[in-house]
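Fold and geometry: a report
Below, each chain spelled out in residue letters.
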Amino acid sequence: MLCWLHKHKYFWNIFLFRIGNIEFQTTTIIKTLVSCYRACCGDGFSVFSSNNGIVMTCGDAASGCLGHGDDQSLTKPKLIEALLHVDVASIACGDHHVAIVGTKGEVYTWGNGTSGKLGLGTEESHALPQQVTFSESVNVREVFCGNTGTMFLTDEGIAWACGSNKSNKLGLNNRQGFIAALKHAFNPVSMKYMHMCM
């Protein structure tokens, strides 16, 4: 949880732990040195982006969701060094994966890759950010994550989707586990396939 108090930024973490049959709860308030511009949460972890595009994560490192290349959980936000060259414009979290978009339209994903939701052409999980490549020249400006899928929105209004299409939740007409471009995604009547890669 993130809060502002008297122009200072604080992260408020609530931790649960168990000793024997007794469960304890502790609250930690951490003052940050960086202005937080964007934030999103997954299942037990948080991702923060500063006003100058720096990305930090903390929480449960299961499935590599923190993006530091290991499975070490963190109680305080830590900078993702692999993204220092990217000026982050958009971040999104699914339950167990993360996607970011840079100001130049570059896209990176990491975490659990089940159903191809990372957009990398495989179902492998990654503990470090991986750059997503598209079969066409696109300029992605925003990203959205669900539990089993990811959607990328371009500056031309085209949505690219990857992950599980169970119950047609990605709008890909019963095709599953691939990335495809959808023309006019917000108008289902004129939705068209632009290209598939994988």
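Okay, so let's go over this structure. (Residues numbered from 1 in each chain as written. Predicted model: local features only at pLDDT ≥ 70, side-chain atom pairs only at ≥ 80, totals over all residues. Heavy atoms only, no water.)

Points about the overall build of the protein
Across its full length, the protein holds 0 helices and 16 strands. Relative to its 198 residues, the protein shows a buried fraction of 43%. Residue pairs at least 24 apart in sequence account for 34% of intrachain contacts in the protein once pairs closer than 6 positions are excluded. Total accessible area on the protein stands at roughly 10,700 Å², and carbon and sulfur atoms take up 51% of it. (Helix = DSSP H or I, 4+ residues; strand = E, 2+ residues; numbered from the N terminus. Buried < 20%, exposed > 50% of the residue type's maximum accessible area, 1.4 Å probe, protein only. Contact = heavy atoms within 4.5 Å. Areas by Shrake-Rupley, 256 points an atom, 1.4 Å probe, with all protein chains shown as cover.)

Structural notes on the side chain of Asn112
Note that Asn112 resides in the loop between β10 (107-111) and β11 (126-131). Looking at Asn112, the relative accessible area reads 17%, which means it is buried. Side-chain polar atoms of Asn112 contact the side chain of Thr114, separated by 2.6 Å. When near neighbours in sequence (up to four residues on either side) are disregarded, Asn112 contacts Ser63, His96, His97, Lys117, Leu118 and Ser125. (Polar contact = N/O pair within 3.5 Å; in protein donor to acceptor, adjacent residues only side chain to side chain.)

Quick notes on the pairing of strand β14 (residues 159-163)
Where burial is concerned, most of β14 is hidden: 5 out of the 5 residues are buried. Every second residue of β14 is oriented toward a common face, with Ala159, Ala161 and Gly163 on one face and Trp160 and Cys162 on the other, all of them buried. Judged from the 5 bridges that link them, strand β13 (residues 149-154) and β14 form a sheet pairing that is antiparallel. Across the sheet, the residue bridging to Met151 is Ala161, located in β14. (Pairing = 2+ DSSP bridges.)

Focus: the pairing of strand β6 (residues 55-59)
Across the 5 residues that make up β6, a large majority, 5, are buried. Pairing analysis gives 5 bridges linking strand β5 (residues 45-50) to β6, with the strands arranged antiparallel. Across the sheet, Ser46 pairs through a bridge with Cys58, a residue of β6. A loop of 4 residues connects β5 with β6, the two strands running antiparallel in sequence, and Gly53 in this loop sits at a positive phi of about 85°.

Side note on the sheet that holds strand β9 (residues 97-102)
With respect to topology, 4 strands assemble into an open sheet ordered β8-β9-β10-β11, the strand pairing being antiparallel. Looking at strand neighbours, the two that pair on one side only are β8 (88-93) and β11, the edges of this open sheet. The mean angle between the axes of side-by-side strands here comes to 15°, regardless of whether they run parallel or antiparallel. Two elements, β10 and β11, share 3 bridges in a ladder whose sense is antiparallel. Bridge pairing in β11 links Thr109 to Gln130. (Axes fitted to C-alpha atoms, helices over the stretch in contact; angles between N-to-C directions.)

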